[in-house]
Each structure stands twice: as structure tokens, then as C-alpha cells.
Amino acid sequence: MRPSLLRNIKRLATTETAPDGEPYLSLSTKATLRLARSKNRKLKDVELQALESGIIPERYQRNIGTLGIEGQMKLLQSQVAIVGVGGLGGSVLELLARLGIGKIVSIDGDSFVDSNLNRQVLSQMENLGALKVKAARRRVKDINPAIETKVYSEMANEENLPRLIQGSQAVVDGLDNIHTRFAVESACRKMQIPFVHGAVAGFAGQVMTVFPGDKGLESIYGARVFSGLGVETELGNPSMTPTLIATWQASEVVKILLEWGNTLRNKVLVIDLREQFMEIVDLI
Amino acid sequence: MIEVSVKLVSIFAKYQRGRDTSKVTLKEGATVLDLVREFGLPEDHVRIIAVNGKQESLDKVLTQGDSVFLFPPAFGGG
């Protein structure tokens, strides 16, 4: 608690009216930036101090009805790692940044190529050939500079994962291969971190949340090593499916962080947009 | 004989070949594997199997009115 910071927050707060007609105390983004700069404080600390005093940083105003002030504070104090910031991971990153997850770790050793442009939200003409994690960091800063970012331009593997995901309260699957997925799940299990799996192929995809101790990926991919190619090699990856599955993954992350329950734990959600199909299977 | 329904999506959708998947007739004692073979699905891709919303294995014996879902899990990260 810094009395002078709080005093200044209160001085710059304004009374606004929420969409439901209720008045609330608001701190504009401009005021937040100004205070952080003049008091030499992190933006996130200014936002947390405001929230603690019941003053809502305006950028989170539309979160509060669902998340509550305490929930928003908890998200700002959380750390989430995204392994792979392509189609799924890039969209998850965008959603988590707007939600106000306090620290986002991006892990990906790839650079953007032409064939990413049809779906990967972080890819654009000007960053073709550039590292995906560099675009990830830039995107977060552009959306919400209060968020701390850590980026690793490395391919995740058994050796480096413990170092890369350390300190995260949830890890998101943005990967494109089974082997690394199992490695991430294994690292999460050892480090007692929940893991939110997602994968896409064509108009279809699946989501599952794995807590340490759960059977996890084996229950959907089987224990047998898969000899063939993934179905997406036939179906490709059009733009709608990654964002849909990413949305579900981001929602799972929020529920994990806020301990809301009702996650896809020991369940797999399967969606096929082309067939207008959705099913949740209870896993053994 | 028993009658079951099966939902085929993703790459399995094309194996319907115009058949009515809401009414599939199988012999008494038929298993999920028999159903997989009935439609000629690539067996190695059949990884998620659900009968009436609960996960089951290929050797699960089906009964009249069962609702079966077979899915080839995606690998891709988009």
C-alpha cells in the first residue's frame, strides 16, 4: 500500500455509468499510464492498487460483471505459459492479453511463413520470416502494456520445459505434434500445473483440461504410438477452427485460475463446424 | 439384430457414403469394432470412442438403441 499512489488514483478516478445503469469509479487508461510514469510504478501495480480500492481500470470494465474485482485482481497476479504461438496459441495469447492475465510466457522456435497467413492472428505480411514469439510480445504490448511478457524462441522439449513453464499456474497447448504435447503434459504433471490441451484439423477440433494426476492425453490419443499422419494433413487448417478452439482453451484457463470448477477435466469436447456437431465425452 | 446410431465427423464424415447413420443394423453381440469395419473406417484413426456419451473401447458390445460416436483426434495446432 502506497498512500500517495492511492491518493492519486482516487484523485484521477471518475464516476462513470456501467451499461446496466449502475455508477462505478473508473480509472482511464490514460490516467493509469500517467500515474505509472509519474510515480515510477509498474502499470500492473497501479491497476492492482486501483482494483483493491474498488476503482475499476476502464480497460477491464467489461470484464468485471463476469469476473468480479477479485477475479480481475487474481488474473492480473497470474502467470500463464503458451507452448506454440501459431493458430491456437496466437489466438489464446490475444484473449489472455485482453483479459488481463498478469504475465504471459510464449514459447515457440518457429518463424512465420506464407502458409500461416490464412489463420494465425499474429502473422501478417510485414512479419513473414520473423520469429513468432517476437510478434507475440509485440501484440501483447500493443493491446495491454500492463502485462509482463516472457518469450522463448525455443522448441519445447523434455529438457527445457521445466525452466520455460516454471512459475505458471496454467499451460496452454498450441502445439502441432503429439510428441511435444506428451512432453508438455509430462512436465506439467511433474510441476503440478494444469494443462489445457487443444488441437484442430479442418473444421473439427478438440479441447481437454488435464490436471496433475489425470490420465490426460493418453485417454484421447491412446497409448499406442501413432504411426500415420494427423488428420489435419488431409483436412488442412482453415481460419475458423483455431480461433474457436482457442476461445474454449482461454475459457478453461480462466476457470482454472479463478478456481471456478466446471472445466473439461476428464472430458473431451469435440466440435465439427461443418457437421454442426458438438459433443462432450466423459473419459474413463 | 440390433439397431444403433453412429455419428461420424471430421475425416470420418466421408465414410457415411450417403447411408442413414441414425439407423445402422448390426448383428446381435456386435462390438464397436464391427461398427468401425461396417463403415470401413481407418482403424488406426479411431481413438475417441463414446457410447451414449461415455468413453468405451473397440471391444465394447453394443446393444439396441446405443448412440455411438467415433472421432479421429486432431494433432494440429492451427
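Residues numbered from 1 in each chain as written. Chains lettered and ligands numbered in written order. Predicted model: local features only at pLDDT ≥ 70, side-chain atom pairs only at ≥ 80, totals over all residues.

**Comments concerning the overall build of chain A**
Within chain A one finds 11 helices and 11 strands. Once the C-alpha set of chain A is aligned to its principal axes, its extents read approximately 65 × 40 × 35 Å. Summarising the internal contacts of chain A: among those between residues at least 6 apart in sequence, 66% fall at separations of at least 24. (Helix = DSSP H or I, 4+ residues; strand = E, 2+ residues; numbered from the N terminus. Contact = placed C-beta atoms within 7 Å.)

**Regarding unusual backbone geometry**
All names here are of chain A. Of note, the phi angle at N40 is positive, near 55 degrees, even though the residue is not glycine. Positive phi is not limited to glycine here, since N262 has a value of about 50 degrees. Tracing the sequence through the fold places N262 in the loop between α11 (240-257) and β10 (267-272).

**Description of the environment of S57 of chain B**
Residue and element names in this part refer to chain B. Among the structural elements, S57 can be located in the loop between β4 (54-55) and β5 (67-71). The exposure class of S57 is exposed, given the 12 C-beta atoms found within 10 Å. Along the primary structure S57 and L35 are separated by 22 residues, whereas in three dimensions their C-alpha atoms are 12 Å apart. (Buried ≥ 20, exposed ≤ 12 C-beta atoms within 10 Å, placed from the backbone.)

**Concerning helix α5 (residues 87-99) of chain A**
All names here are of chain A. For α5, which comprises 13 residues, the first-to-last C-alpha distance of 19 Å matches the rise-based estimate of 18 Å (1.5 Å per residue) to within 8%. Every buried residue of α5 is accounted for by G87, L88, G89, G90, S91, V92, L93, E94, L96, A97 and L99. Looking one or two places after α5, you find G100, whose phi comes out positive at around 95 degrees. (Expected span 1.5 Å × (residues − 1).)

**A word on the domain arrangement of chain A**
Residues and elements named next belong to chain A. Split into domains, chain A comes out as domain 1 (3-69) and domain 2 (78-282). Inter-centroid distance (C-alpha atoms) of domain 1 to domain 2 is 31 Å. With five residues of domain 1 at the contact, the number on the domain 2 side is five residues. Counting residues per element, the side of domain 1 that touches domain 2 draws most heavily on helix α3 (residues 43-52), which supplies three residues. Residues that form the side of domain 1 that touches domain 2 fall into these classes: two nonpolar, one polar and two charged. (Domains from an automatic or database assignment. Nonpolar A, V, L, I, M, F, W, Y, C, P; charged D, E, K, R; others polar.)

**Points about the packing of α5 of chain A against α11 of chain A**
Residues and elements named next belong to chain A. Put simply, α5 and α11 touch, their axes get as near as 8 Å, and they point 45 degrees apart. The pairing of α5 with α11 is recorded here as oblique in orientation. For the pair α5 and α11, the sense of crossing is right-handed. On the side of α5, the interface is formed by G87, L88, S91, V92, L95, L96 and L99, while α11 contributes P242, T243, I245, A246, T247, Q249, A250, V253 and V254. A breakdown of the residues in the contact of α5 with α11 according to their chemical character gives 11 nonpolar, five polar and no charged. (Axes fitted to C-alpha atoms, helices over the stretch in contact; angles between N-to-C directions. Parallel < 35°, antiparallel > 145°, perpendicular 65-115°, else oblique. Left-handed = near helix turned anticlockwise from the far one by under 90°.)

**A few points about the pairing of strand β3 (residues 48-51) of chain B**
Residues and elements named next belong to chain B. With burial as the criterion, each face of β3 is covered, one bearing I48 and A50 and the other bearing I49 and V51. Bridging between β3 and β5 involves four bridges; their strand directions are antiparallel. The residue of β5 that forms the bridge with I49 is L70. Examined bridge by bridge, β3 and β4 share two bridges and lie antiparallel to one another. The partner of V51 across the bridge, within β4, is K54. Hairpin connection from β3 to β4: two residues lie between these consecutive antiparallel strands, with N52 at a positive phi of about 55 degrees. (Pairing = 2+ DSSP bridges.)

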